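What the coordinates show
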Amino acid sequence: MVERRILVTGGAGFIGSHLVARLLEQGHQVLVVDNYYSGSRSNLAHLISDPNLEIMRHDVTFPLYVEVDEIYHLACPASPVFYQRDPVQTTKTSVMGSINMLGLAKRTKAKILLSSTSEVYGDPEVHPQEESYWGHVNPIGIRSCYDEGKRCAETLFFDYRRQHDMPIKVARIFNTYGPGMRPDDGRVVSNFIVSALSGRPLTVYGDGSQTRSFCYVDDLVDGLMRLMATPHEVTGPINIGNPHEFTMKELADKVIDLVGGDATVEYHPLPSDDPTQRQPNITRAREILDWKPTVELAEGLAATIDFFRKQLTTG
Ligand code: NAD
Ligand code: UDP
Ligand code: UDP
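Remember, it's a predicted structure, so these values are computed and weren't measured experimentally.

Topic: the sheet that holds strand β3 (residues 53-57)
Pairing in this open sheet of 7 strands is parallel, and the strands run β3-β2-β1-β4-β5-β6-β11 from one edge to the other. The sheet is open, and its two borders are formed by β3 and β11 (238-240), each paired with just one other strand. Neighbour-to-neighbour, the strand axes of this sheet turn through a mean angle of 20°, independent of strand direction. Bridge analysis of strand β1 (residues 5-9) against strand β2 (residues 29-34) gives 5 bridges, and the strand direction is parallel. Within the sheet, the bridge partner assigned to Ile-6 lies in β2 and is Val-30. On top of the sheet, helix α4 (residues 144-164) reaches β4 (70-73), β5 (111-117) and β6 (168-173); it is set at about 155° to β5, its chief contact. Against the sheet, helix α6 (residues 217-228) touches β4, β5, β6 and β11, its axis set at about 160° to β6.

As for the site of ligand 1
If you check the shell around ligand 1, you find 31 residues, and the closest are Ile-15, Asp-34, Ser-38, Tyr-146 and Arg-187. One of the backbone N or O atoms of Tyr-36 is found 3.5 Å from an oxygen atom in ligand 1. Protein burial of ligand 1: of its 810 Å² of free accessible surface, 97% is covered by the chains. At the level of secondary structure, the elements contributing two or more residues to the shell around ligand 1 comprise α1 (14-25), α3 (87-108), β5 and α4. Sorting elements by how many residues they give to the shell around ligand 1 places β5 first, with 3 residues. Partitioned by chemical class, the residues of the shell around ligand 1 number 14 nonpolar, 13 polar and 4 charged.

Examining the packing of aromatic side chains
One pass over the full model with this rule turns up 8 aromatic pairs. When the ring of Tyr-37 is compared with that of Phe-82, the centres are 6.3 Å apart and the planes differ by 80°; the resulting orientation is edge-to-face. With a gap of 45 residues between them, Tyr-37 in the loop between β2 and β3 and Phe-82 in helix α2 (residues 80-83) connect regions that are remote in the sequence. On the basis of relative accessibility, which here comes to 5%, the residue Phe-82 falls in the buried class. Ring centres of Tyr-121 and Tyr-133 lie 6.0 Å apart, and the angle between their planes is 15°; this geometry places the pair in the stacked category. Taken together, the residues span a long stretch of sequence, with Tyr-121 in the loop between β5 and α4 and Tyr-133 in the loop between β5 and α4 at a distance of 12 residues. No difference in accessibility class separates Tyr-121 from Tyr-133, as the two residues are buried. The ring centre of Tyr-36 lies 5.2 Å from the NZ or CZ of Arg-41, which sits over that ring. Residue placement shows Arg-85 over the ring face of Phe-82; its charged tip is 4.7 Å from the ring centre.

Quick notes on the site of ligand 2
Neighbouring residues of ligand 2: Pro-63, Leu-64, Tyr-65, Ile-99, Asn-100, Gly-103, Leu-104, Lys-106, Arg-107 and Tyr-160. One of the side-chain nitrogen or oxygen atoms of Lys-106 is found 2.8 Å away from an oxygen atom of ligand 2. For ligand 2, an oxygen atom lies 2.6 Å from a polar atom in the side chain of Arg-107. Alone, ligand 2 offers 500 Å² of accessible surface; in the complex the protein occludes 65% of this. No other element matches α3, which puts 6 residues into the shell around ligand 2. Per-class residue counts for the shell around ligand 2 are 6 nonpolar, 2 polar and 2 charged.

Let's talk about the environment of Gly-103
Within the fold, Gly-103 resides in helix α3. Gly-103 sits in the partly exposed class, given a relative accessible area of 30%. C-alpha of Gly-103 to C-alpha of Leu-64: the two residues are 39 residues apart in sequence and 9.1 Å apart in space.

Considerations on α4
Over its 21 residues, α4 runs 29 Å from end to end, which matches the ideal 30 Å to within 8%, given 1.5 Å per residue. The positive-phi residue at the C-terminal boundary of α4 is Asp-165, with phi of around 50°.

The rules behind the values
All residue numbers refer to position in the chain's written sequence, counted from 1. For naming, the first written chain is A and the first written ligand is 1, with later ones following in the order written. Where totals are concerned, whole chains, interfaces and linings use all residues; where local detail is concerned, this predicted model gives features only for residues with pLDDT of at least 70, and gives and counts side-chain atom pairs only at 80 or more. With hydrogens and water excluded, all non-hydrogen atoms of the structure serve as input to the side-chain values. In this scheme, strands are said to pair when DSSP sees at least two bridges between them. Put simply, DSSP marks the helices as runs of H or I at least four residues long and the strands as runs of E at least two long, and each gets a number from the N terminus on. Axis definition: a line fit to C-alpha positions, over the contact stretch in the case of helices; interaxial angles, taken between N-to-C directions, run 0 to 180 degrees. Note on definitions: a residue-residue contact is assigned when non-hydrogen atoms from the two residues lie within 4.5 Å. By convention in these notes, a residue is near a molecule or strand provided one of its non-hydrogen atoms lies within 4 Å of it. Distance and chemistry together define a polar contact, namely a pair of N or O atoms within 3.5 Å, with one atom able to donate a hydrogen and the other to accept it when in protein, and with adjacent residues in sequence counting only for side-chain atoms on both sides. Computed with the Shrake-Rupley method and a 1.4 Å probe, the accessible areas treat only the protein chains shown as cover for residues. Residues were grouped as follows: Ala, Val, Leu, Ile, Met, Phe, Trp, Tyr, Cys and Pro as nonpolar; Asp, Glu, Lys and Arg as charged; and all remaining residues, including Gly, as polar. Stacked, tilted and edge-to-face pairs are distinguished by plane angle, under 30 degrees for stacked and over 60 for edge-to-face with tilted covering the rest, among Phe, Tyr and Trp rings (Trp via its six-membered ring) whose centres lie within 6.5 Å. Partly exposed describes any residue whose relative accessible area lies between the buried limit of under 20% and the exposed limit of over 50%, with all areas from a 1.4 Å probe on protein chains only and scaled to the type maximum. Counting as a charge over the ring demands two things of the Lys NZ or Arg CZ atom: a distance within 6 Å of the ring centre and an angle within 35 degrees of the ring normal. In this analysis, the expected span of each helix is defined as 1.5 Å times one less than the number of residues it contains.

Everything listed here is a matter of geometry and, on its own, says nothing about what the molecule does.
If you want it as C-alpha cells, here you go:
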C-alpha cells in the first residue's frame, strides 16, 4: 500500500476519530483539521503518540493551505441539537467549508470525499431512498441549515467535477452510531442509552412510530474508505447505511432490554420537520463498493452501551 498524506476535516468528531484510527493503522500520514465545535481532542487522545498524526485547530470556513493527496471532508455538526445551536454557522460550514476544501483539492490535485447525508432526502416520499430520488426538503425550517447546507455542498462537489474534472466522491451517510458518540449531543441512540444507564425515563419524541435505520460506525468507516479507493469515474452519490429499519419505540424497548433494569418511556412533542421514515437502498454500495453492513443492531448497541457505561463510571 502506498503511504498517502490524508486530510480529515472534522477528524476530532465521532465518525472522524474512528476514520483517523483506521487510516493510521494503514500507515498513512493523517492531518486532522477541526475547530472543536462539536468534536473534542479527547476523541483522538488514544492516537496522539502516533508520529503520523498531526492535529490542527482550524475552522474550514477559512482558507487552508496544506499539501495533501486525499481529503475526507467531514467537518460539520451532525446532530440536530448541535447543528441548530448556531444554524448560520452550520450553513457556512457546509457551503464555505466545501468551497475551501474543493479549492484546496483543486490546487493539490487531491481526491476529495464529502460526508453528505440522508437528510438530503428530507421527509422522504419515496421509500426506501435510492440515490436517484431528489428529496422532499423544507427550505426554511429548523433542519434546513443542515439539509440545504449539505445539498449545496453536493452541488459544489458536482460543479467542481463538471468544471475541473476533479476526482470527487459523495457519500450519503444514514444514521450512524457506536462508541465515541457524545453523551449530550441529543441523538436518539446516545439519549436512550444514557437515560437507561442513569435510571431515567427514555424520551420518545412523538408517538415513537417514526423510523430510522442505524449503521454501526465501523461498517460506515469501511464504506467511506472503499468509496475513496474507487477509480476516477466513480463519483457517487452513494448511500452508505444499514437497511435494517425500526421505529423509535422499538429502539427504546431494545435499549431497555439490553441495559436491563426497569427504565420507563416518556413521550415528548415531536420536533418540527422530523422525518417520518428513513431506510437506505444500498444496491449501489453493494455493486460499486462491494460493501454491506456486517454489524447487527443488538451487537452494535451492546458495544455502545459498554462504552457509555465506562464513561459514566469514570466521568
Ligand atoms: P460530529 O459532530 O461528531 O463531528 C463533526 C466534526 O466537525 C466535529 O469534530 C466538529 O468539531 C467539526 N467541525 C464542525 N464545524 C467545523 C468547522 N467549521 N471547521 C472545522 N471543524 C468543524 O459528527 P459526526 O457524526 O462525526 O459526523 C461527521 C460527518 O458525517 C458530518 O459531516 C455529518 O454531516 C456526516 N453525517 C453523520 C451522520 C451520523 O449519523 N453521525 C449521518 C449523516 C451524515
Ligand atoms: N483555497 C484554500 N486552499 C487552497 C486553495 C484554495 O483554502 O489551497 C480556498 C480559497 O479560499 C479559494 C477557494 O478555496 O477562494 C476556492 O478556490 P478556487 O481555486 O476554486 O477558486 P478561487 O476563489 O481561488 O477563484
Ligand atoms: N428522538 C427521540 N428521542 C430522543 C432523541 C431523538 O425519540 O431523545 C427521535 C427523533 O425525533 C427522530 C429519531 O429519534 O425521529 C432520530 O433522531 P436523531 O436526532 O438521532 O437523528 P435524525 O433525526 O437526525 O435522524
